[in-house]
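# Descriptive structure summary
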Amino acid sequence: MGYSLRIGPALIWLALTATAHADPDAGAGQPYLDPAWLMLGHYHPDTLGDGYTSQADDPAFFLSKNGKHSPASELEATLSAIQRPGGGDNHARCRYPARTAWLQQEFDLSLAPMDCPAYGEWKETLNTKTVTLVFAASYLNSPSSMFGHTFLRLDPPQEDEETNLLLASTISYAADAAAHDSEILFAYKGIFGGYPGITTIQPYYEKIRLYSDIEHRDLWEYTLNLNQEEVDLMLAHAWEIRDRNFDYYFFDENCAYRLLALIDVARPGTNLLDEVGTHAIPSDTVRWVVDKDLISSVHYRPSAATSVAYSLSSLPDSQQTLAAAVANGYVSADADELKRLTASERAHVLDATYDYVRYQSEAEGWPRDIAAPLSHELLQERSTIENVPPPETPPEPAIRDDQGHDTFRLSLAGGQLDHREFTQLTLRPAYHDILDPPEGYRSGAQLQFLRLDARYYTDNDELQLEQLTGVEIRSLSPRNQFFSPLSWQVGFGGRRTDTGTERVLAPYLEGGAGGSWQLAPKTQLFAIATADLEIDDDLRRGYDAASGADIGLLHQNNQFSLMAGAKTKAWIVSSQHRQYQAYAKASWHIGREFSLFAEFTREDHYDRYESKWQTGLHAYF
Amino acid sequence: MKKLIAGAILLGASSMAFAQPGCGVGAMIWKGQSGIAPHVLAATTNGTFGNQTFGMTTGTLGCQTNAAVQSMAMYMDSNIDKVARDMSRGSGENIDTLAVLLGVEEADRGTFRKVLQDNFATVFPSSETTSGEAVDAIVALLEKNESLSKYVAA
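What you see is a predicted model; the values in this text were computed from it and never measured. (Residues numbered from 1 in each chain as written. Chains lettered and ligands numbered in written order. Predicted model: local features only at pLDDT ≥ 70, side-chain atom pairs only at ≥ 80, totals over all residues. Heavy atoms only, no water.)

### Focus: the nonpolar core
In terms of nonpolar packing, the biggest core is built from 75 residues, with L312(A), M76(B), M87(B), L98(B), L102(B), F112(B) and I138(B) touching the most fellow members. With ten residues, helix α2 (residues 67-89) of chain B is the single largest residue contributor to this core. Aside from chain neighbours lying at most four places away, what touches M76(B) is V83(B), L98(B), S131(B), A134(B), V135(B) and I138(B). Counting 65 residues, the second largest nonpolar core, distinct from the first, contains I201(A), W220(A), L272(A) and V286(A). (Core = buried A, V, L, I, M, F, W, Y, C linked by side-chain atoms within 4.5 Å. Buried < 20%, exposed > 50% of the residue type's maximum accessible area, 1.4 Å probe, protein only. Helix = DSSP H or I, 4+ residues; strand = E, 2+ residues; numbered from the N terminus. Contact = heavy atoms within 4.5 Å.)

### Things to note about the pattern of salt bridges
This structure, assessed with the given rule, holds 42 salt bridges over all chains. One salt bridge in this structure joins D401(A) and R442(A), with 2.5 Å as the shortest N-O distance. Here D401(A), found in the loop between α16 (368-383) and β10 (409-417), pairs with R442(A), found in the loop between β12 (430-432) and β13 (445-457); they are 41 residues apart in sequence, far enough to count as distant. By relative accessible area, R442(A) is classed as partly exposed at 27%. Here D96(B) makes a salt bridge to R113(B), at a shortest N to O gap of 3.3 Å. Highlighted residues: D96(B) in helix α3 (residues 93-102) and R113(B) in helix α4 (residues 106-118), separated in sequence by 17 residues. Here the salt bridges share partners, and the residues they tie into one network are D351(A), D355(A), R382(A), R85(B), D86(B) and R89(B). (Salt bridge = Lys/Arg side-chain N within 4 Å of Asp/Glu carboxyl O.)

### As for unusual backbone geometry
Residues apart from glycine generally show negative phi values, whereas peptide bonds are mostly found in trans. All names here are of chain A. With an omega of 25 degrees, the peptide bond running from A430 to Y431 counts as cis. Structurally, Y431 can be placed in strand β12. Despite not being glycine, D108 has its phi angle at roughly 55 degrees, a positive value. Its relative accessible area of 70% is what places D108 among the exposed residues. At Q576, a position not held by glycine, the phi torsion is positive, near 50 degrees. With respect to the helices and strands, the residue Q576 is situated in the loop between β20 (560-571) and β21 (578-590).

Geometric descriptors of this kind do not, in isolation, establish any biological role.
So, in structure tokens, the structure goes:
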């Protein structure tokens, strides 16, 4: 790399800046400020100062030493590198095909064709005609996956009858979490940084295996309307960032974020990343992609759990009982009870039973020495019945996950606490309350983050923080003869608590576990054993703990949601008073943008009764 | 197309290396986890599926030089229980995937599905059948069939 190479680029640079002046689109005359270039380098304006910093956290991503902070020097370095003589996989043009394409077009460079064997082979193998954004719906039994997950599927040309999308490749961006980090460590590092984010390429069937079979998450496939040129640009950029580290953050720089960047590169001007504020919830990012008219078609792929629940529920009652008996080993797969059925009925019972046994061995860890012989017997019986199609797949939900209510909620309410009137303002940045409009969300599930409830008492002009919720999770999944999920809840934050004389804001931690049972299609009964811990120096011993119970009814439909029940808590450390509470909460949904809500609670604590009610409006946006 | 798909599968499993390319699924050496033969039915994945852990096909496949068969074997490794399920029903996307990997033409697909369903017990004689053994059995079955033998020719 002699001096001549240094001088060359400088001259080109001057020439280019001159050209760029003529181009009104090129970032106020400076090509390195062109949005397309900033996008390719993942540059974002610094919060402080007027510089830029790239989100890429890998020195190997940059050609210039100052690349991370200087889009200008990176552009200069790239420009000179791609014009260097030579070739082969290590040449800048082979390492940075997307940058090369943009610079070549922007500056009208005449570059001789170059052969990039590795990139060429990669591209040929991926053989991509269209790109599909796949959304793995939230899965409420694992905090790390509650927001859902998105990845891209690279679809080969469909005119070929041999094409099978299970074999298509996928591009995914994920935290490279050490396999044995616990959920808690995962959450911590995910929020505060500490995991490198990596881009991986895997066949779609591996993704289905993970999300659909093991984690029981339905998949929504949104085919993007990118043309071949845009697809090629996306792949070229994927090649550039393929092995490069971008630090992973749970809330903003997450899986969904990095994919939005790829779409932005593919279709400059889309500016999906501009939609991202403090967080990028995958279901929200899907909404943005839909809103920007990037979708040509949508396909639903139910998870193994959804499918088995559907095929069991579509059996008549007597056959459901038979399936449960076979699965539990009371009736064998070749028993007379089954032989008496018609061929098609028998096939359906065997199919549903096998899917159920397989689901149970994955989800509930049914021991292999029971599940494997039973599975084998079921399949062998089934193989003797010809010309009966497999069970029908569950119908696509009328409302997709991206069509549910928006996740940011603002509420204004008026109410009374023990004859004191108040106005309450609540901000809930994410994500879903059990009484919010249920369409597009799991029924019986709740996940709220960073909710803030502030109250203004009108009698003495007092503004009080009523509650600050860190995280609140509830999962009420009904049990039946086939499935016996645990209902559970966990939450922490700060809340007003009654010390007997005053209401003080105390940090709390609460949890519970129990069961839920379906009473009618949209109504369930739940019973939860609860535990509470509060810490505050206003409490007699500095903290208090309670064990308790919460029994209630939940009804959810698209017009209204209702929850009513009774709670009791026995405080055992400081107050040693039992607390009883009857509650009723209802929301009336006006479309998916607004809900009117009302709450009433009557409480008996410290040998006195206290009522609280409030009513108001939730707005979702 | 077939070649590309076979290539895609091999590319997808990027964490593995071949001891001797083209000489048998049994000769593949997998980085990381090895030695666990996925049994066909139920509970094969608990605890074994994580960060890019693949099972290992330990079939008795000799020196199978057919890349399509190798791709099928790799697919079977990850999806054996679903393949078994589709085979017992005589249809399904996983059995279609096998057909694609082997390059079975549209005209022969019906025969392909029927042969596999009719011979379920031959391919999976017991619940202890490994995916490698199932691959061997499928290859042997197809070899015996007049219209399907061409797809597994070495």
